[in-house]
2 protein chains.
Amino acid sequence: MNYPSRLIEEAVAEISRLPGIGKKTALRLALHLLKRDEEQTRSLSDALLNMRTKTTYCTRCHNIADDVLCNICSNNKRDQTTICVVVDTRDVLAIELTNQYRGLYHVLGGIISPLEGIGPSDLEIDSLMSRIGSQEGDEAVQEVILALSPTMEGDTTAFYLQKKLKATGIKLSTIARGIPIGGDLEYADEITLGRSIVSRVAYD
Amino acid sequence: MNYPSRLIEEAVAEISRLPGIGKKTALRLALHLLKRDEEQTRSLSDALLNMRTKTTYCTRCHNIADDVLCNICSNNKRDQTTICVVVDTRDVLAIELTNQYRGLYHVLGGIISPLEGIGPSDLEIDSLMSRIGSQEGDEAVQEVILALSPTMEGDTTAFYLQKKLKATGIKLSTIARGIPIGGDLEYADEITLGRSIVSRVAYD
């Protein structure tokens, strides 16, 4: 495309490097910013750079944090004895939105994927093990919940963690698989439906 | 939502001010940038700010430009005697992509819309008139093409320009309305279909 200005072309090139944003959308966004006050672009630009350069990771759970500990780890009203293992920050946010979990997290930072060359040593597994070993007294870890996606990579990672954690004698669990609330039995795939029968829950 | 970091929250707030980008997409983009090299965020941030602060407008046609004249106005291979009137830069790009037009443009910067309080004086109409008056000799303007959308506002603006330009005696035209190439007669709305019959084109 023959852009009217080199500066626009550069901005479009940079914006369209973001996932899910093509050249046309990038151009629309660039022209939108051009129409607005300079202040809006300045605060967007600053916010992005600030986020990227100043955001740190929690030294305990590896979640994104503003400080040494994230605001979940540093909240002493949370149940310190339960750790929910997730792949990334988005999973933490998704679980937090449910308001059903009051324990801590451990962010692996990825998932075992031989195809992409990601092995156990690339994930925060050693730090999970030492964390479990070091929390003592009232804060001793009693349960680890694996909240990984039911994909090939998720299952591989879960299997690896199960083997590792078995030795510690800590209670291990995984989030329930089954028919989504509001989901229709007729349209559920057989594996999910099969799993939902095997893992059936008794009425109280 | 309970963001893990104030910096992320600020970045998400700024990103989601862009049109068509909600909080969820903004968060996805922010986390994407966090995973990539700092360099990517830095160049995105710089490109946006550079574009916003350094882009200027062509003093002749008001298209976006890097210099006093845009690269279309400063290209002396373009037909200087024809001016195509459009609403904004995106329209210029769209027409340029067709490779069917070799004249110049005039970017109005908006469209007459009483509802939004935009009148003729808010658009680059006076500069169009003085431009037509000032181009002399070989460069004297011979035709003005109105390329405005066939909406209420577009038609109002076109009507206003017709009245203004009539006095100059210059040839006036508008882009053809009709069935889009590849469009199906059956699914065309009646107004478009009606217009395509009234404006039928004789075979050579």
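This one's a predicted model, so the numbers in the text were calculated from it and none came from an experiment.

Participant: Run through the interface of chain B and chain A, naming residues and quoting values.
Facilitator: With 55 residues of chain B in contact, the opposing surface of chain A contributes 55 residues. Here chain B and chain A share an interface that buries about 5500 Å² over both sides, 69% of which is from carbon and sulfur atoms. Taken together, the links from chain B to chain A amount to 11 residue pairs in polar contact (both at pLDDT 80 or more). Elements with a minimum of two residues in the side of chain B that touches chain A: helix H1 (6-15), helix H2 (23-35), helix H3 (38-54), strand E2 (64-65) and helix H4 (89-98) of chain B. Take the side of chain B that touches chain A: its biggest share by element is 15 residues, from H3(B). Grouping the amino acids of the side of chain B that touches chain A by side-chain chemistry returns 26 nonpolar, 13 polar and 16 charged.

Participant: Explain helix H4 (residues 89-98) of chain A to me, using residue names and the numbers behind them.
Facilitator: The set of residues buried in H4(A) consists of A:Thr89, A:Val92, A:Leu93, A:Ile95 and A:Glu96. Seen along its axis, H4(A) keeps its buried residues to an arc of 170°; they face one direction. In this fold, the buried residues of H4(A) make contact with strand E2 (64-65), strand E3 (79-86) and strand E4 (103-107) of chain A together with H2 of chain B. Just downstream of H4(A) lies A:Asn99, where phi reads positive at about 60°.

Participant: Describe a positive patch on the surface, with residues and values.
Facilitator: A surface patch of like charges, here positive, comprises A:Arg28, A:Lys35, A:Arg36 and B:Arg90. Structurally, A:Arg36 is set in the loop between helix H2 (23-35) and helix H3 (38-54).

Participant: Describe the sheet that holds strand E5 (residues 143-146) of chain B, and please don't skip the residues or the numbers.
Facilitator: Residues and elements named next belong to chain B. Strands sit in the order E4-E3-E5-E6 across an open sheet of four strands; the sheet is parallel. Each having just a single partner strand, strand E4 (103-107) and strand E6 (171-174) make up the two edges of the open sheet. Direction aside, the axes of adjacent strands within the sheet are offset by 25° on average. The pairing of E5 with E6 spans four bridges and is classified as parallel. In the strand pairing of E6, Glu143 is matched with Lys171. Sitting on the sheet, H4 is in contact with strand E3 (79-86) and E4, with an inclination near 160° to E4. Seen against the sheet, helix H5 (residues 125-134) touches E3, E4 and E5 and runs at an angle of roughly 150° to E4.

Participant: I'd like a rundown of the relation of the copies chain B and chain A, residues and numbers included.
Facilitator: Aligned on chain A, chain B shows an RMSD of 0.1 Å; the corresponding rotation is 180° and the shift along the axis is 0.0 Å. Read as a symmetry element, the transformation amounts to a two-fold axis. Closest approach to the rotation axis within chain B is made by the C-alpha atom of B:Ser45, at a distance of 2.3 Å. Counting the interface residues of chain B, we find that 100% of their copies in chain A are interface residues as well, pointing to one common contact surface.

Calculation rules
- Residues numbered from 1 in each chain as written.
- Chains lettered and ligands numbered in written order.
- Predicted model: local features only at pLDDT ≥ 70, side-chain atom pairs only at ≥ 80, totals over all residues.
- Heavy atoms only, no water.
- Contact = heavy atoms within 4.5 Å.
- Buried area = accessible area lost by both parts, 1.4 Å probe.
- Polar contact = N/O pair within 3.5 Å; in protein donor to acceptor, adjacent residues only side chain to side chain.
- Helix = DSSP H or I, 4+ residues; strand = E, 2+ residues; numbered from the N terminus.
- Nonpolar A, V, L, I, M, F, W, Y, C, P; charged D, E, K, R; others polar.
- Buried < 20%, exposed > 50% of the residue type's maximum accessible area, 1.4 Å probe, protein only.
- Arc of directions from axis to C-beta.
- Patch = residues over 30% accessible without salt bridge, like charges linked within 9 Å, V, L, I, M, F, W, Y side chains within 5 Å.
- Areas by Shrake-Rupley, 256 points an atom, 1.4 Å probe, with all protein chains shown as cover.
- Salt bridge = Lys/Arg side-chain N within 4 Å of Asp/Glu carboxyl O.
- Lys, Arg positive; Asp, Glu negative; His and termini not counted.
- Charge placed at Lys NZ, Arg CZ, Asp CG, Glu CD.
- Pairing = 2+ DSSP bridges.
- Axes fitted to C-alpha atoms, helices over the stretch in contact; angles between N-to-C directions.
- Least-squares fit on C-alpha atoms with pLDDT ≥ 70 in both.

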